[in-house]
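Here's the letter readout for the chains.
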Amino acid sequence: MPLPLGSFVRCRSALLALWLGLAGFTCAGGSEHAATAALPAAFSDLLPHFLVEPEDEYIVKNKPVTLTCRSTPATQIYFKCNGEWVHQDDHTIERSVDPATALPIMQVTIEITRQQVEKVFGLDEYWCQCVAWSTTGTQKSQKAYIRIAYLRKNFEEEPQGKEVALDQEVLLRCHPPEGVPQAEVEWQRNEDVVDPASDPNFFITADHNLVIKKARLADTGNYTCVAKNIVARRRSNSATVLVYVDGGWSEWSKWSACGADCSMWRSRECTQPSPGTGGKDCQGLDLQSLNCTSEQCPQTVSGAEDVALYVGMVAVALCLTLLLIVVVLVYRRKKEGLDADVADSSILTTGFQPMGIKPSKPGVWAPRPRRPPHSKNSHLLTIQPDLTTTTTSYQGTLRSRHDTTGKFSLTNGPLLDPLPNGSHTLHNGKLNSDPAEFVSRLSTQSYFKTLPRDIANTSYGTFNFLGGRLTIPNTGISLLIPPEAIPRGKIYEIYLTVQRKEDLRLPLAGCQALLSPIVSCGPPGVVLSRPVILSVDHCFDACLDNWAVRLKKQNYEGTWEDVLLMGEELVSEPYYCQLEAETCRLFSEQLGTFALVGESLHMGAAKRLRLVLFSDAYCSTLEYNIRVYCMDDTQDVFKEVMQMERQLGGRLIDEPHVLLFKDSYHNLRLSIHDMPQAHWRSKLLAGYQEIPFYHIWNGSQRYLHCTFTLERLSLSTCELTCQLCVWQVEGEGQSFGLDFNIAKDTRAVDSEFLLMDSNATALAGPSAFQIPYLIRQKICSSLDAPCPNGADWRMLAQRLKLERHMSFFASKASPTSMILDLWEAQHFHSGNINQLATVMADIGKQEAMIFLVSDGEC
């Protein structure tokens, strides 16, 4: 005989109870386990409903969480977690009766531990739900998810300090550390909470960035991003915001009365507002004068004083006339003694030659091989440029005091043989032996007021249509001015300088990184007939699949503009880039201030860091310091650090190492190990030192370093052996094995480290190029014309591994000249002209034979 429905439900419950390991449960009558309860007959047809359902919970550290289920009317309640029933012994049961309805209420609780949740790590999230029974049927509660709570230490993006003008909008970015539950973010200024509700000038975006709508002087301060959840509270590094005020001119005063000199004046002051907190002074005049009309001039009675004045003026005029006559006679007499004719090419090959040639001295640990200086430079004329005007036409005369017979020499030397007498006469030119005067004079002009007056990092020269080259020693920065880049008949004074990052405000947004030095060449606005080539070092992995690299140029107003996206250059644009492993070659039809800025496309992107170790050259105390610099791998930064350590009296204690620093948001750690404990100990309290990721990544801080302070137990201890490790968390690392005597080598950083590049800073005319001018012309005329068998400029580009730039070369009037320009820029220091001759021979051109000359012929 079949059981009634109520008995069937109780029977199924009994089977479940037996599966859960319950005892004393019988079907269709009999005693029930304590986890069940008999319902009055009046409520036997009701389904259970939940008064309390389990909620999502977070496990903090190792503290278990409690899940609760309450239902009425219910005979049984059990929990199921991740699809499996929880054992009866793990349930805690409470019973009560609803006083209003007289229905029985059952409440069951269980505890979930961290170990239970960790067992399903990597699978679906850990969940639990409860199931309630009555004599009529069952009901399931909602699922409750249990997660392990945490908050990582490192911010994914920290705010960066800024200097902003008054009323400018400020954006401070913050990406809090990863956490569960997601961290809440608040901002603090000088430890006080920033509340946009009370100060509407502040606004916090949905992605936690802080916006200052209009910067006020009171907004200057240290801003900190604070992230917190139920586990912990994290603080970012503070970002200093400095609000500066540029000066404004007041209104002009009224014109003064006409003075005794028949002029009137008016003035204004730089007080509206006054410049403050590093703001710029006012531009323009603060005093203005104007000649009065004759009616406004004060009238005086003429007398003996006026007569004396007129007599004096006449006497001065007569003296000046006599002096002018004497000068003209002397000039004509000197001119008669000079030869009347002079070859134009002599002007061009001897009038503008290398400047600032320095004596060579061998260097140590040179970053790259350098080309030895030319062996014959005794005939070159060294002159200093005059920037009274930036663009002039040459009208003077340059000639030898003795007769000379010039001859052509198809060698690697100048196009024309030097004049036999090293003495020349230069008319309409100004000789100046002080380089500082050039920089000072240039900086007084309105556009150049922001140029640094750093003579050591500036080179300059005077150039004409034969071109030349400017180089800043030991920085990897050079400017090649190809032949015909300067229009014929023009002479330009051109400068090249590397800007210190603190001299210019180059805004970096988000995860952008400065990947090169900031370089200026000018003067801007000069007319060029063809592109010059600017060579600068960069510090990234040179993989455009990992980076979006943009060329930025500063315009006349001082703002930065994107002018090129590397890898997507347009041949119609005035800029084009050749990217190499450590260098970028920029073809540019305009001079100006440039920098490379990159943004990583994924976490595989990497910057090159140069790790350099210094210590004190002399130590007379028990303490001994080792400084570890973590800098961008560019020669200009290395040069700066070497110069700075020389001033500090430091010494280089190991060869620099290169580390690839990836965009993984992980910090850089430094530690020291394996010191002889009997003689040395480290005063570092922690196991390692750490440099935050964003301090390194954006490249705005040039001299990042950590100092390890060691202590020797006796002054007689001089031998130091240890292992110094530098690594990125979950990334690449480098190790320095140090073993040296701190007392033996007390030399400071010597100048020999700073003279690795012994070439002249400026070379003009044929001496600036490896390929003689006439030979270059013959190669261009031979290869520019298309050849049916492909033996033209296209084959030259392929043999020189430049085929990626075919479309760029093809867009130019002379593709061959573009290729040779790039070859000159790449191989100035290390190029072998015979290798180029071999390439020409492979192409099948007879012009290659004129390259193959002996050293005696050169």
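Residues numbered from 1 in each chain as written. Predicted model: local features only at pLDDT ≥ 70, side-chain atom pairs only at ≥ 80, totals over all residues. Heavy atoms only, no water.

**Let's talk about the overall build of the protein chain**
Regarding its fold elements, the protein chain presents twelve helices and 49 strands. Residues classed as buried in the protein chain amount to 48% of the 858 residues present. Taking as baseline every contact in the protein chain between residues at least 6 positions apart, the subset at least 24 positions apart corresponds to 71%. As displayed, the protein chain has an accessible area near 42,600 Å², and 53% of this comes from carbon and sulfur atoms. (Helix = DSSP H or I, 4+ residues; strand = E, 2+ residues; numbered from the N terminus. Buried < 20%, exposed > 50% of the residue type's maximum accessible area, 1.4 Å probe, protein only. Contact = heavy atoms within 4.5 Å. Areas by Shrake-Rupley, 256 points an atom, 1.4 Å probe, with all protein chains shown as cover.)

**Examining the state of the cysteines**
Overall, the coordinates contain four disulfides when judged by the stated rule. Across the disulfide from cysteine 174 sits cysteine 225; the S-S distance is 1.9 Å. In this structure the cystine formed by cysteine 174 and cysteine 225 twists about its S-S bond by roughly -75°; its chirality is therefore left-handed. Of this pair, cysteine 174 sits in the loop between β13 (170-172) and β14 (179-180) while cysteine 225 sits in strand β19 (residues 221-228), placing them 51 residues apart in sequence. The same class applies to cysteine 174 and to cysteine 225, which are both buried. There is a disulfide in this structure between cysteine 258 and cysteine 292, and the S-S distance comes to 2.0 Å. Taking the sign of the torsion about the S-S bond as the criterion, the disulfide between cysteine 258 and cysteine 292, at about 125°, is right-handed. (Disulfide = S-S within 2.5 Å.)

**Regarding the environment of lysine 214**
Within the secondary structure, lysine 214 sits in the loop between β18 (210-212) and β19. Owing to a relative accessible area of 53%, lysine 214 belongs among the exposed residues under this scheme. Considered as a pair, lysine 214 and alanine 165 are 49 residues apart in the sequence and their alpha carbons are 9.4 Å apart. Among residues more than four places away in sequence, those in contact with lysine 214 are Asp167, Gln168, Asn201 and Asp219.

**Some details on the environment of cysteine 128**
Position of cysteine 128 among the secondary structure elements: in strand β8 (residues 126-133). Look at cysteine 128 and you get buried, because its relative accessible area is 0%. Separated by 49 residues in sequence, cysteine 128 and phenylalanine 79 have C-alpha atoms that sit 6.8 Å apart.

**So, the sheet that holds strand β47 (residues 719-728)**
Read from one edge of the open sheet, four strands run β45-β43-β47-β48, paired in antiparallel fashion. The sheet is open, and its two borders are formed by β45 (689-691) and β48 (733-741), each paired with just one other strand. This sheet shows a mean twist of 20° between the axes of neighbouring strands, independent of strand direction. Where β47 lies against β48, nine bridges are found, and the strand directions are antiparallel. Residue pairing across strands places threonine 721 opposite aspartate 739, the latter belonging to β48. (Pairing = 2+ DSSP bridges. Axes fitted to C-alpha atoms, helices over the stretch in contact; angles between N-to-C directions.)

**Comments concerning the sheet that holds strand β17 (residues 202-204)**
Pairing in this open sheet of three strands is antiparallel, and the strands run β13-β18-β17 from one edge to the other. Of all strands in the sheet, those with a lone pairing partner are β13 and β17, marking the two edges. Pairwise comparison of adjacent strand axes, ignoring direction, gives a mean angle of 20° for this sheet. With three bridges connecting them, β17 and β18 associate as antiparallel partners. Each bridged residue has a counterpart across the sheet, and for phenylalanine 203 the counterpart in β18 is valine 211.

**A word on helix α11 (residues 815-827)**
An α-helix turns once every 3.6 residues. As a result, residues three or four positions apart point the same way. For α11, built from 13 residues, the straight-helix expectation of 18 Å at 1.5 Å per residue is met to within 8% by its first-to-last C-alpha distance of 19 Å. Restricting attention to buried positions, one finds in α11 the residues Pro815, Thr816, Ser817, Met818, Ile819, Leu820, Asp821, Leu822, Trp823, Glu824 and Ala825. (Expected span 1.5 Å × (residues − 1).)

**Digging into unusual backbone geometry**
Note the cis peptide between valine 180 and proline 181, where omega equals -5°. Note on placement: proline 181 falls in the loop between β14 and β15 (184-189). Not every positive phi belongs to a glycine, and asparagine 190 is a case in point at roughly 55°. Along the polypeptide, asparagine 190 turns up in the loop between β15 and β16 (192-193).

**Points about the side chain of aspartate 632**
Within the secondary structure layout, aspartate 632 lies in strand β40 (residues 623-632). Among the residues examined, aspartate 632 registers a relative accessible area of 10% and is labelled buried. A polar contact is formed between the side chain of aspartate 632 and the side chain of lysine 607, at a distance of 3.2 Å. (Polar contact = N/O pair within 3.5 Å; in protein donor to acceptor, adjacent residues only side chain to side chain.)

**Some thoughts on the confidence of the model for the protein chain**
Overall, the predicted model of the protein chain reaches an average pLDDT of 77, with 74% of residues at or above 70. In the predicted structure, residues 1-36 sits below a pLDDT of 50 and forms 60 contacts with residues beyond four places in sequence or in another chain. Note on residues 852-858: pLDDT is under 50 here. Beyond four places in sequence and across chains, it has eight contacts. (pLDDT = per-residue confidence, 0-100.)

**Some remarks on the pattern of salt bridges**
Evaluated as defined, the whole model comprises 27 salt bridges. Among the salt bridges present, the one from glutamate 186 reaches lysine 228, with a minimum N-O distance of 3.7 Å. With glutamate 186 in strand β15 and lysine 228 in strand β19, this residue pair connects regions lying 42 residues apart in the sequence. Its salt-bridge partner being arginine 469, residue glutamate 824 comes within 3.8 Å of it at the nearest N-O pair. Here glutamate 824, found in helix α11, pairs with arginine 469, found in strand β28 (residues 468-472); they are 355 residues apart in sequence, far enough to count as distant. Assessed through its relative accessible area of 1%, glutamate 824 is described here as buried. Taking relative accessible area as the criterion, arginine 469 reaches 3% and is therefore assigned buried. One connected set of salt bridges, linked through shared partners, spans Arg189, Asp199, Arg216 and Asp219. (Salt bridge = Lys/Arg side-chain N within 4 Å of Asp/Glu carboxyl O.)

**Things to note about the pairing of strand β37 (residues 583-588)**
Of all the six residues making up β37, six are buried; the element is thus mostly covered by neighbouring parts of the structure. Where burial is concerned, the two faces of β37 agree: the one with Thr583, Arg585 and Phe587 and the one with Cys584, Leu586 and Ser588 are both buried. Linking strand β36 (residues 575-579) to β37, which pair antiparallel, is a turn of three residues.

**As for the side chain of aspartate 663**
By the secondary structure assignment, aspartate 663 is in the loop between β42 (657-662) and β43 (668-673). Lysine 607 is the oppositely charged side chain nearest to the buried, salt-bridge-free aspartate 663, at an N-O distance of 10 Å. A polar contact is formed between the side chain of aspartate 663 and the side chain of serine 600, at a distance of 2.2 Å. The residues touching aspartate 663, leaving out its near neighbours within four places in the chain, are Ser600, His602, Met603, Ala605, Phe693 and Trp697. (Lys, Arg positive; Asp, Glu negative; His and termini not counted.)

**Regarding helix α8 (residues 773-783)**
For α8, the set of buried residues is Tyr773, Ile775, Arg776, Ile779, Cys780, Ser782 and Leu783. Next to the buried residues of α8 lie α9 (793-799), α11 and α12 (833-843).

**Brief notes about the packing of aromatic side chains**
Taken as a whole and judged by the stated rule, the model has 17 aromatic pairs. Taken together, a centroid distance of 5.7 Å and an interplanar angle of 65° make the contact between phenylalanine 540 and tryptophan 547 edge-to-face. As far as the burial class goes, phenylalanine 540 and tryptophan 547 line up, both buried. Relative to phenylalanine 693, the ring of tyrosine 665 has its centre 5.6 Å away and its plane inclined at 55°; by these criteria the two rings are tilted. A residue pair is termed long-range when its members are at least 10 positions apart, and tyrosine 665 in the loop between β42 and β43 and phenylalanine 693 in helix α7 (residues 693-697) qualify at 28 residues. A network of ring pairs unites the aromatic residues Phe540, Trp547, Phe661, Tyr665, Phe693, Tyr694 and Trp697 as a single cluster. (Phe/Tyr/Trp six-rings, centres within 6.5 Å; stacked < 30°, edge-to-face > 60°.)

**Description of the environment of leucine 151**
Looking at where leucine 151 falls in the secondary structure, it is placed in strand β11 (residues 150-151). For leucine 151 and proline 176, which are 25 residues apart along the polypeptide, the C-alpha to C-alpha distance reads 9.3 Å. Apart from residues lying up to four places away in sequence, leucine 151 is in contact with Pro177, Glu178, Gly179, Ala183, Ala227, Lys228, Asn229, Val231, Ala232, Arg233 and Arg234.

**What to know about the packing of α8 against α11**
Two elements in contact, α8 and α11, have axes separated by 8 Å at closest approach and are oriented at 135°. Relative to α11, α8 is oriented oblique. As α8 runs across α11, the sense of the crossing is right-handed. Where α8 approaches α11, its residues Arg776, Ile779, Cys780 and Leu783 are matched on the opposing element by Thr816, Ser817, Leu820 and Asp821. Looking at the contact of α8 with α11, its residues break down into four nonpolar, two polar and two charged. (Parallel < 35°, antiparallel > 145°, perpendicular 65-115°, else oblique. Left-handed = near helix turned anticlockwise from the far one by under 90°. Nonpolar A, V, L, I, M, F, W, Y, C, P; charged D, E, K, R; others polar.)

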